[in-house]
Structures are given as structure tokens and as C-alpha cells.
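Architecture and fold: a report
What follows is each chain in one-letter form.
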Amino acid sequence: IEASIPSESRQVWQKFGVKEFGGKDEFQQEFIRHVETTLARSIYNCDDLAAYQAASQAIRDRLIIAWNKTQQKHTTKDQKRVYYLSLEFLMGRAMDNAMLNAGIKDITKAGVADLGFKIEDLLEQEPDAALGNGGLGRLAACFIDSIASTNYPGWGYGLRYQYGIFKQRIVDGYQVESPDYWLTFSNPWEIPRYEIQIDVMFYGYTRKYTNDDGKVVHVWEGGEQVQAVAYDVPVPGYGTETTNNLRLWASKPTREFDFEKFNAGDYESSVRESQKAETISAVLYPNDNFYSGKELRLKQQYFWVAASLNDIIRRFKKTHRPWKEFPDQVAIQLNDTHPTLAVVELQRILVDMEGVEWDDAWKIVTNTFGYTNHTVLPEALEKWPVPLFQNLLPRHMEIIYDINLFFLQQVEKLFPKERELLARVSIIEESSPQQVRMAYLAIIGSHKVNGVAELHSELIKTTIFKDFVTIYGPDKFMNVTNGITPRRWLHQANPKLSDLIASKVGSYDFLKDLNLLKKIEPFAHDPKFQDEWVAIKKFNKARLAAHIKQYNGFDINIDALFDVQVKRIHEYKRQQMNIFGVIHRYLSIKAMTEKEKKEVTPRVCIFGGKSAPGYYMAKTIIKLINAVSEVVNADADVGDLLKVVFIADYNVSKAEIIIPASDISQHISTAGTEASGTSNMKFVLNGGLILGTVDGANIEITREVGENNIFLFGHLAESVEDLRHKHRFSKVPLDPNLEKVFEAIESGTFGDPNIYNSLVSSVTGSDYYLVSDDFQSYLDAQKLVDQDFKNKDTWVSRSITAVANMGFFSSDRAIDEYAESIWNVEPIAVE
Ligand code: OX2
């Protein structure tokens, strides 16, 4: 690499090159220096917040040193890199993760203790970086942790939202949203790169002309221009120097100023116009698994894609390679269809700006991209209205028409006269208005398409993308089962369990090679190991109980079975079935004699999750859970046998407390609807068992841990279509137990029954999510859970055995699979 410093000056640089702090003393020195200079505070006014900021500045310095080394190494090695494009990165907090990955937690803990602080209090000061909705965004966060931890040269690209996912409060049982302005106290984990500014255009018009060589040249004159400014977030790998980069873009006004308005004396409105630019990256759309066709969202997508590609191409151009080698240097993974415009943008840059022939350009494009699909739910598939698209991105629309034309010609050749096939696979849906089908564009523009669990990857091949399997053959479609990072989801969230496992494995190597968990299996029946295992679960349950006491204001019995369902609230995830089950349990207990009650396994039913602000049915489910909670918890007949808790504002930090405390967690989506799920993996890794449907990654978890160590129930995906058909064309009788539940709701047991009308009639009507069909099977499985929980010895050995067999679900394994079969990138060691 060319250095910007002349060779005669480099000696001075080398003499004073910064070093990472080593021991506790050096950390403390750095800490105090940051308190007194960076924060301009002192011994007289250093509170927990200031201490958190100073400590994180010291740690940040370390990360930046490692980051610099890594980037230099990657640049000199000049190997292929991967870029993970995701509109969501649900990172959570950074400080604990940074300390653990860098192996400096003990030093900092002791260091701040001497200075008068508790590390736990400092960690609590950090707001979550909640730049995502749920599983899709958290997967991206686990993936970039794994890419760094396994030494792959890879960057994440996303948006730097000023407002992350909204904060949820429960008022009178209802969800109330408030904005999450997470940047109030500045963010020590980002490095603003004000010098990296990229212009992005919107609107305007296109024209074409023939140049002197007789070539047709397309020109896009934009109508609006904004600037993308880079913010870099270092991503430290675990137990390695490799520190990768997550580059997040913020929109800023360009320095161009509307002088016409200015001169006309309308200074204020000209300032206002330019300020509007900042709204592009201001807020995360709060929908999970749901498409809402807002223009600003499409603007976000193009803004982010254009800035990222510009950046990637600038880096590529520095190597002076010919364009055809671009896919040998660059792999880009599309996290769902949100970044699909990148396909069109790269084609546009190559053809319009760089003069590459269309066919050559298209080869480069398709060899560069891979597309991950995360859902088969029709309401989540992106389709942009052509008029909206055309207006915002006129040149891109033309290019899409051309991509579509060439694609359909190719199909026509392969399958002559199959006109219906052509209509079915066209990127343009012939509705009114016409729509751009983004998933089809992503498939056509990529060399590999993958689903996120085995069942899901099969389903996309046989349902929504069936025709494309016919066209391209089956090899283009593959599976990469999701994974989770054991660093955050075991070591950080459950340090005691991690320590206990390390004592048997002989080291913490399992955090890098999760298959080593196998080594604890021989201890599944070892009484001493079991006791320690149980004590840790109890400790984690007490930690959660303290949280519930603080935020919900009541006590729960930590010897009760903790039954947890935490995830976004969605009809397909069926929290309604869970709460109907709770009501059934409540009614059963109410009908019991004192003697019968003695046989009941005490339970605490814990719920958590956000509803999209505009999702009426999901909000009604939240209201019902809270109404049931209020009635049940106050009922003296029930006492400790049943408690219902709704934990407000479920987020990554809360997950770290909730997940290690569960005995049973519920993953009960209608079969075929949950593409994978990833919290299922987190719960089992923390010693909880699953009550679940035969859906998503539950199936592979069963295969790995053994079917005796999971509670499965319900209809299979293959029966779902028939069952729905039956509901549509005949009157299917309601499950009798469910009927009693509905009677209780309708009689006002949980307040005004009218509130729940639509929820109840969604089941008594077409029951699209098959709640009634699965209800008896669900109750049977719950009964088994109650019985089995009483047998403490078997329960704990099942828990240990399950954990021992979770190696497959490390996101390191998932990343290796992507690297090997989609990206073709190799790891690079950084000394
Ligand atoms: C989620 C899926 O619903 C979930 O099943 C999966 O585990 C996760 O993505 C990660 O793959 N939005 N969120 C998802 O899909 C979409 C679309």
C-alpha cells in the first residue's frame, strides 16, 4: 500500500506508534485520561455514566488499534472480501462484548473497582444499538461477529438510524410506543468518517444519445441530491486480533445551496429543504415480516445501496484490476430483498458509467451477488409499485425492464410457448398499478439463493420460487441453516454456565469450536455436575425474578417452571395460542379441589415482544396477555400455581437476562411459517428445553439434541394447505377446550369482551393460523411438560444432553458454509 507519509518521516511515526493498554494499571491510566480530557470531567463529578463513557473510550482505542492492523493486513493481502448488506443490525450493547472478545474483562473489572465503580453498573449505562426489528437483524449481528471471529475479511453495510426500534411501554394493558433516540450521550462505539462523503441522487429524468463511437449512452440527471456520510463500528472477533468493520451511512444535506430561493428572500425554506435530507436515515421502519410500500423506505434502500456500492467499487478500483475480475475480489450478500437495488445499481454503474457491455456487466453482477430469503409469508414479500419506482429512480426502472426482457427471452427459448410461465416469473407483476417483484429480481441477479433452515429452503423451492427451480435447475438454490454467536448468547449472557462448561471441556475453546460442547455429555448423569447445573439455572431465574420485581412490581416463585415466549408479536408466531392455553390452565386450576391442586406444577408464564405500531391484531394479543396477567396474579385461589408476566420493551439486553432463566420456551408457529427462528437455538444453548411445532430450525434442533429432549406437537407443514382449505369450504367445529376459553373471555372474565372480538373470531372464522386445529395437541404437550418437570433428575440430564449437542447452531458454522459455497472467500490471520 502507498503510505501518505514520506519515507524519511516514518521513523518518527514508528517510534511513537500507539500501543494497546496491557494490564490493569495501563487501563486505569487511560480511563482517567479520558475522564479528564475526552469528557472534561474530574474526580469531583464522575458518575456511572461518565465512568461508562471513559471505560468505553479506553476500550474503543484498543479496538481501533486492532481495526487499523486488520484493515492494513486485508489491504496488503488483497484477497476477496465479503460485504454483508443488511438494512438491520440488531447489535445490542457493545461494551461487554468488546471486553470479552478482546479478553480484557478481568482487567477492566478490577480496574474500575479500584477507581470506585462496579463494572455491572457501568454496563447498564449503555443504550442498546437497536437498529433492527427481530430475528433478521439479530442474525446480521451474529453473522458479523462470526465473520470477525473466524478471520474472514468482511464488512457489514447498513444505515445509521437516529431512532432504532421504538421503546415499548405498557399502559392500561396496551402497548404504547415512544421514540428510541439512542444517540443522546454520543456513541463511543462509532468512528465518524466525515471525509467519506458520497453523493446520492434521486428523481429527475433520463435521456440517451449516440456518442462519437456510435454507442448509445444513457444519462440520468437527478433531481435531488443528498450526501452519505460513513460511521464505522469496529467489530472485534473473539480470541483474534481481527477487527472488522460495520459501516453505517447517515444522510446529510449536500453543500449545494438553493441560491434561487435564497436570493428570492426565502432563506428559511431553502434551509428547510436541505434539512429534509437527514430524514432519509432518521428512522428504522418498525415492521417485522411485513412489507409496507412507503416511498421513504425505498429511498432508504437506494441511499444505502448506492453509498455502499460506491464505496466497494472505490476500494476495488485501487487495485487496478479489469472489471471482469470484480467477482474474484468482491462477494456481496443480500440480506433479504431490502438491498436488491444493488443488483440494478451495479449494472447501471458498469454499463452507463464504465462503458462495460451489457452482457459482460450482467455476468459480473450475477457472479457477485448471493441472495438470502427469510420468509415465505406473502405479506412480507416486497413489491414496489412501478409509478413510485419510476418517479424515484427512473434509470433503474429502465434497467429493470431490460433485465426482465433478456431474462424472459431466455425463458422463452428454454420453454417455448409457455406463456403462463412467462407471466408468472416476470419481474413485473401485471396488476394495476404494475409492481416490481423484488424477490424475483434478487433471484435473477444472484448466483445463489438460500433459505435459512432445511424445511424453509425446501419450501421456497416448492412454493414461492418453484418456477425458478424449473428454469435454473436445483443447484442455484441451497440451504444455510441459521446460527447464533456463542460469545454473546452463552459466554456473555450466561457466564456461570460458560465457566462450568469450560471446567469440563478443559478450556474456553468451545466458544470458537462449539462442537466441543459434546465433551459435557458424559456428565449428563453425574450428580455433582447436575447440582452445579441446577444451581446456575436457579441463579439465572433469581436474576430474572429480580428484574421482574423491579419492572413489573411483583414477586415470582423461582422454583416454579419458567415458561417463556419472547419474540415479535405476530399471528403466525401464535402468542394467542399460548395465552389461550394459559386461560385454559387458569380455568382448570379454578375448578380443582385443594387436593388436586397439590399435584399441579407451579408455572410462571412469561411473555415479551413488540407489535408493529399499526398491527391491530398483535396489539390485541398484548392487551389480552396483560388482562389475563392482572386477573390471574390477583386470584388467591391460584396463588403460586400460576403467574403471568408481560415483560415490556423486549430487546437484546433483556434477552440476555430472560433466555438463561427459562425452563421451557415456546416456538409454536403454524408449521411452515417460521423460516428458521434463532431464539430457539439460544434457549437450548442455555439449558432450557423447547416446546415447539415441527417448523423452521426446531426440526434440526430435534435431530441434533434427540427427540426425547424436545416437546413437539401440532400438524405438519404438509397438512397446512388441506386444513386451511377445509376451513374455507366447511364449518370445522371449534376445539372444545378452546370453546371454554372463549366463553370465559366472552363472559367478561378479563374485562370488556368486545376488545377481543376480532381475535376470537379470527379463530372461530377461517382460523388461518390453525390455532383450533393444534390446540388439543398443544395442551397434551403442555401436560407432558408439567409431568416431566417434576422429575428433576431426568429433566436436568435432558438439559445437559441438549446443550452438549448444540454445536451445529454456532453462527461460525453458518458463516463457514456461506464462505465455502457462496462467497468463495478465505480467512486471513492477523497477528
Ligand atoms: C426472520 C424470520 O421470520 C425468522 O424465522 C428467521 O429466523 C430470521 O428472519 C433470520 O433468518 N423478517 N424477519 C425474518 O424474516 C423476515 C422477512
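Residues numbered from 1 in each chain as written. Predicted model: local features only at pLDDT ≥ 70, side-chain atom pairs only at ≥ 80, totals over all residues. Heavy atoms only, no water.

A few words now on the nonpolar core. If you look at the biggest cluster of nonpolar residues, it comprises 226 residues, and the most contacted ones within it are W249, F389, I501, W533, F580, I745 and W823. It is helix α10 (residues 295–317) that provides the largest number of residues to this core, a total of eleven residues. Summarising the domain contributions, this core has at least three residues from each of domain 2 (78–93 + 128–480) and domain 3 (501–817). (Core = buried A, V, L, I, M, F, W, Y, C linked by side-chain atoms within 4.5 Å. Buried < 20%, exposed > 50% of the residue type's maximum accessible area, 1.4 Å probe, protein only. Helix = DSSP H or I, 4+ residues; strand = E, 2+ residues; numbered from the N terminus. Domains from an automatic or database assignment.)

As assigned here, the protein comprises domain 1 (1–77 + 94–125), domain 2 (78–93 + 128–480) and domain 3 (501–817). Computed over C-alpha atoms only, the centres of domain 2 and domain 3 are separated by 35 Å. Taken together, the 46 residues of domain 2 in the interface contact 47 residues of domain 3. Three residues stand out in domain 2 for area buried against domain 3, namely Q168, Y238 and L455, and they jointly supply 16% of the buried area on that side. The tally of links between domain 2 and domain 3 comes to three salt bridges. Ionic pairing is found between K167 and D649, a salt bridge with its closest N-O pair at 3.9 Å. Here domain 2 is connected to domain 3 by 19 residue pairs in polar contact (both at pLDDT 80 or more). (Contact = heavy atoms within 4.5 Å. Buried area = accessible area lost by both parts, 1.4 Å probe. Salt bridge = Lys/Arg side-chain N within 4 Å of Asp/Glu carboxyl O. Polar contact = N/O pair within 3.5 Å; in protein donor to acceptor, adjacent residues only side chain to side chain.)

Our next topic: the packing of helix α2 (residues 24–38) against helix α3 (residues 48–77). In contact at an axis separation of 8 Å, α2 and α3 are set at 120 degrees when each is read in the N-to-C sense. Taken as axis vectors, α2 and α3 run oblique relative to one another. The handedness of the crossing between α2 and α3 comes out as right-handed. Two secondary-structure elements touch here, α2 through F27, E30, F31, R33, H34, V35 and T38 and α3 through A51, A54, A55, Q57, A58 and D61. A class-by-class count of the residues in the contact of α2 with α3 yields seven nonpolar, three polar and three charged. (Axes fitted to C-alpha atoms, helices over the stretch in contact; angles between N-to-C directions. Parallel < 35°, antiparallel > 145°, perpendicular 65-115°, else oblique. Left-handed = near helix turned anticlockwise from the far one by under 90°. Nonpolar A, V, L, I, M, F, W, Y, C, P; charged D, E, K, R; others polar.)

For the structure on display, the rule yields 34 aromatic pairs. Ring geometry for F523 against F529: centres 5.5 Å apart, planes inclined by 45 degrees, an arrangement best described as tilted. Lying over the aromatic face of W155, R315 brings its terminal NZ or CZ to 4.0 Å of the ring centre. (Phe/Tyr/Trp six-rings, centres within 6.5 Å; stacked < 30°, edge-to-face > 60°. Lys NZ or Arg CZ within 6 Å of the ring centre and 35° of its normal.)

Let us look at the sheet that holds strand β16 (residues 435–437). Read from one edge of the open sheet, three strands run β14-β16-β15, paired in antiparallel fashion. Only two strands of the sheet have a single partner each, and these edge strands are β14 (383–385) and β15 (428–429). Pairing geometry for β14 and β16, over three bridges, is antiparallel. Looking at β16, one finds that W384 is bridged to V436. (Pairing = 2+ DSSP bridges.)

What follows concerns the pattern of salt bridges. Close approach of charged atoms allows side chains with opposite charge to pair. Under the counting rule described, the total for this entry stands at 51 salt bridges. Residue D128 pairs with R93 through a salt bridge whose shortest N-O separation is 3.8 Å. Highlighted residues: D128 in the loop between α6 (119–123) and β3 (129–131) and R93 in the loop between β2 (89–92) and α4 (95–102), separated in sequence by 35 residues. Note on R93: relative accessible area 18%, which makes it buried. Notably, a salt bridge pairs K590 with D635, separated by 2.7 Å at the nearest N-O pair. Placement of K590 in helix α23 (residues 575–590) and of D635 in the loop between α25 (616–633) and β21 (642–647) is noted, with a sequence separation of 45 residues between them.

It is worth spelling out the site of the ligand at this point. Neighbouring the ligand are 15 residues; N289, H374, N482, E674 and G677 lie closest to it. In this structure, N482 approaches the ligand through a side-chain N or O atom, which is 2.8 Å from an oxygen atom. Here an oxygen atom of the ligand and a backbone polar atom of A675 are 3.3 Å apart. Contact with the protein chains covers 95% of the free accessible surface of the ligand, which is 400 Å². Each residue belonging to the shell around the ligand can be placed in one class, and the counts come to five nonpolar, seven polar and three charged. Structurally, the shell around the ligand is a two-domain feature, drawing no fewer than three residues from each of domain 2 (78–93 + 128–480) and domain 3 (501–817). (Near = heavy atom within 4 Å. Areas by Shrake-Rupley, 256 points an atom, 1.4 Å probe, with all protein chains shown as cover.)

Take a nonpolar patch on the surface next. Together, V12, W13 and F16 give the surface a local cluster of nonpolar side chains, amounting to about 390 Å² of exposed area. With respect to the secondary-structure elements, F16 resides in the loop between α1 (10–15) and α2. Residue F16 is classed as exposed on the basis of its relative accessible area, which comes to 59%. (Patch = residues over 30% accessible without salt bridge, like charges linked within 9 Å, V, L, I, M, F, W, Y side chains within 5 Å.)

On to the packing of α23 against helix α30 (residues 736–746). At a minimum axis separation of 9 Å, α23 and α30 run at an interaxial angle of 85 degrees. With respect to their mutual orientation, α23 and α30 come out roughly perpendicular. Seen from α23, the contacting residues are F580, I583, H584 and L587; seen from α30, they are N737, L738, K740, V741, F742, A744 and I745. Taken together, the residues that form the contact of α23 with α30 break down as eight nonpolar, two polar and one charged.

The omega torsion of the bond from S432 to P433 falls at 0 degrees, within 30 degrees of zero and hence cis. Within the secondary structure layout, P433 lies in the loop between β15 and β16. Its identity is not glycine, yet S186 carries a phi of approximately 60 degrees, on the positive side. Along the polypeptide, S186 turns up in the loop between β6 (174–178) and β7 (191–202). The backbone of H320 shows a phi angle near 55 degrees, a positive value even though the residue is not glycine. For H320, the position within the fold is in the loop between α10 and α11 (326–329). What makes H320 exposed here is its relative accessible area of 73%.

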